[in-house]
Amino acid sequence: MPARSPMLRPLMEDFREFEEPVEEGDGNIQSLALGALDNSFLVGDSGIHVVKNFEHGIHGKGVSVKISGGGTNFTTPKKALLMRAETNMLLMSPATDGKPHAKGVHQLDIETGKVVSQWKFGKDGADINMRDITNDSKGAQMDASESTFLGLDDNRLCRWDMRDRHGIVQNLASSMESPVLEWTQGHQFSRGTNFQCFASTGDGSIVVGSLDGKIRLYSKSSMRMAKTAFPGLGSPITHVDVTYDGKWILGTTDTYLVLICTIFIDKDGKEKTGFGGRMGNRIAAPRLLKLSPLHSHLAGDNSKFREGRFSWERHLVTTVGRYSVVWNFLQVKNSHHECYKNQEGLKSCYCYKVIPKDESIVASRFMHEKYDVSDCPEAPLVVATPMKVTSFSVSSQR
């Protein structure tokens, strides 16, 4: 490992910090739903806390949405998905048997704080489960007319439609039966895919990570067969992200991040991505992003990598125990970067910066690119722990 591995700093010197505690009575933060418009949302034990988006980060408006309606008690969802110009949110809670799969979603009207529908997943008259849901495309949450979203289970990839086939919107208040979501597109694989996580690009193409470490790319027009499949490195993919243009993929495993370039030149000399054509033997070697042994030890017992994500432009961020870890994206993807010079085989980058917190971190996310401002080269980074939310503005001094 390079001798110039970064030393632990109490705070990154090129970040400006703004910290705010969670209000009493709101419960512990469990997840973070960052909005691209006026508000973001902290999903907690007792409800959803609404915070205001600013150019320097997020902070509270003093508004909490206590979930009501639908005749159901609020249980902390494992997934909160913004929809319909961020006026609605889909809440997906895991099944009560402790498995990560869910039988349906609650549709929350954020302005009223009421569950307006409870949808069940069904196909061919039978109830089915989903492991994960996501928007049709990056940015789709800002579409006011959006009524479809993507679903993933161990051997299923599909699109769900919330419009009732009979044109009647069913409301929980007037119906004992949850309306069944309409399966509009997708494929149920026979066995063995073991899908774990997925994400969509700006045009609606889909990347899927699997238990065996494989990462598959599906075009927006077909969910039946992957255009490209990147072979696994032996570790399960627990989270996956993709850039808006689909040119780079970031897979998360328990012990490292894997960065993959999807660009290749086809037989006609045209530049394509692996979503639009079959890469075959033109797949470039991935880059691995790892922690030094010191930081792996200091991160704490629960030091698994979680939810590696791209910012919209310049950085990669992941959560490892009590650390948020940030890499410079431009540096990592540069094949002449110093870290790679004396390495054989797969190249690993240890050039990162650490933001330590006093307790385990729930989420580390960069805000939407619209919150880039003239004196900052990047939108703020938001780091949530169970009882605090901290926003970091990136200084342009360096």
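The structure presented is a predicted model; accordingly, all values stated were derived computationally and were not measured. (Residues numbered from 1 in each chain as written. Predicted model: local features only at pLDDT ≥ 70, side-chain atom pairs only at ≥ 80, totals over all residues. Heavy atoms only, no water.)

What follows covers the overall build of the protein chain. Regarding its fold elements, the protein chain presents two helices and 33 strands. By residue count, 53% of the 398 residues in the protein chain fall in the buried class. A sequence separation of at least 24 residues applies to 55% of the contacts in the protein chain between residues at least 6 apart. Surface accessibility of the protein chain: about 18100 Å² in total, with carbon and sulfur atoms responsible for 48%. (Helix = DSSP H or I, 4+ residues; strand = E, 2+ residues; numbered from the N terminus. Buried < 20%, exposed > 50% of the residue type's maximum accessible area, 1.4 Å probe, protein only. Contact = heavy atoms within 4.5 Å. Areas by Shrake-Rupley, 256 points an atom, 1.4 Å probe, with all protein chains shown as cover.)

Ordered in space as 6-7-8-9, the four strands form an open sheet in which the pairing is antiparallel. Only two strands of the sheet have a single partner each, and these edge strands are strand 6 (79-83) and strand 9 (114-120). For this sheet the average axis-to-axis angle between neighbouring strands, irrespective of direction, equals 25°. In the sheet, strand 8 (residues 104-109) pairs with strand 9 via six bridges, with the strands oriented antiparallel. Directly across from G104, in strand 9, lies its bridge partner K120. (Pairing = 2+ DSSP bridges. Axes fitted to C-alpha atoms, helices over the stretch in contact; angles between N-to-C directions.)

Let's shift gears to the environment of S40. By the element assignment, S40 lies in strand 3 (residues 39-44). The exposure class of S40 is buried, given its relative accessible area of 0%. For the pair S40 and N53, spaced 13 residues apart in sequence, the C-alpha separation works out to 6.4 Å. Those residues in contact with S40, other than ones at most four positions away along the chain, are A33, L34, G35, H49, V50, V51, N53 and I58. At 2.7 Å, the side chain of S40 and the side chain of N53 are in polar contact. (Polar contact = N/O pair within 3.5 Å; in protein donor to acceptor, adjacent residues only side chain to side chain.)

Residue-level pLDDT values for the protein chain average 81, and 81% of them are 70 or greater. Under a pLDDT of 50 for its full length, residues 1-13 has, in the predicted model, 29 contacts with residues more than four places off or in other chains. (pLDDT = per-residue confidence, 0-100.)

Here the focus is the nonpolar core. Judged by nonpolar contacts, the single largest core of 24 residues is most densely connected at L289, W327 and C349. Looking at this core, the elements that each hand over two or more residues are strand 21 (248-252), strand 22 (257-261), strand 26 (305-310), strand 27 (315-320), strand 28 (323-328), helix 2 (329-332) and strand 30 (352-356). Contact partners of L289, with chain neighbours within four places excluded, come to L250, Y256, L257, F305, L316, W327, V332 and C349. In terms of nonpolar packing, the next biggest core, distinct from the first, is built from 17 residues, V207, L217, V242 and I260 among them. (Core = buried A, V, L, I, M, F, W, Y, C linked by side-chain atoms within 4.5 Å.)

Moving on: the pattern of salt bridges. Considering all chains together, one arrives at ten salt bridges under this definition. For D266, the salt bridge goes to K272, with nearest N and O atoms at 3.5 Å. For D266, a relative accessible area of 12% corresponds to the buried category. On the basis of relative accessible area, K272 is assigned to the partly exposed category, the value being 33%. What emerges from the salt-bridge pattern is a single network uniting E19, K357 and K388. (Salt bridge = Lys/Arg side-chain N within 4 Å of Asp/Glu carboxyl O.)

One can find R287 in strand 25 (residues 287-289). Lacking a salt bridge, the buried R287 has E271 as its closest oppositely charged neighbour, with an N-O distance of 14 Å. Those residues within four positions of R287 in sequence are excluded, and the remaining contacts are W248, L257, V258, L259, V332, K333, N334, S335, Y340 and K347. (Lys, Arg positive; Asp, Glu negative; His and termini not counted.)

Quick look at the side chain of D136 now. Locating D136 in the fold gives a position in the loop between strand 12 (132-135) and strand 13 (148-153). At a separation of 2.2 Å, a polar atom in the side chain of D136 contacts the side chain of T148. Within the structure, the side chain of D136 is placed 3.2 Å from the side chain of R159, a separation counted as a polar contact. Ignoring sequence-local partners within four residues, the contact set of D136 consists of E146, T148, F149, L150, R159, S200 and G204.

Turning next to unusual backbone geometry. In this structure, R84 takes a positive phi of about 50° despite not being glycine. With respect to the helices and strands, the residue R84 is situated in the loop between strand 6 and strand 7 (88-92). Take R84: its relative accessible area is 23%, and that puts it in the partly exposed class.

This next bit is on the sheet that holds strand 29 (residues 347-349). Read across the open sheet, the five strands follow the order 20-21-22-25-29; overall the sheet is mixed. Of all strands in the sheet, those with a lone pairing partner are strand 20 (239-242) and strand 29, marking the two edges. Along the sheet, successive strands turn relative to each other by an average axial angle of 25°, direction set aside. Pairing of strand 21 with strand 22 involves five bridges; the strand directions are antiparallel. Residue W248 lies in a different strand from strand 22, and its bridge partner there is C261.

In this section: the packing of aromatic side chains. Tallying each qualifying case throughout the model produces four aromatic pairs. Three or more aromatic residues joined by ring pairs form one cluster here, namely W248, F310 and F329. Above the ring of F329, the side-chain terminus of K333 is found at 4.3 Å from the ring centroid. (Phe/Tyr/Trp six-rings, centres within 6.5 Å; stacked < 30°, edge-to-face > 60°. Lys NZ or Arg CZ within 6 Å of the ring centre and 35° of its normal.)

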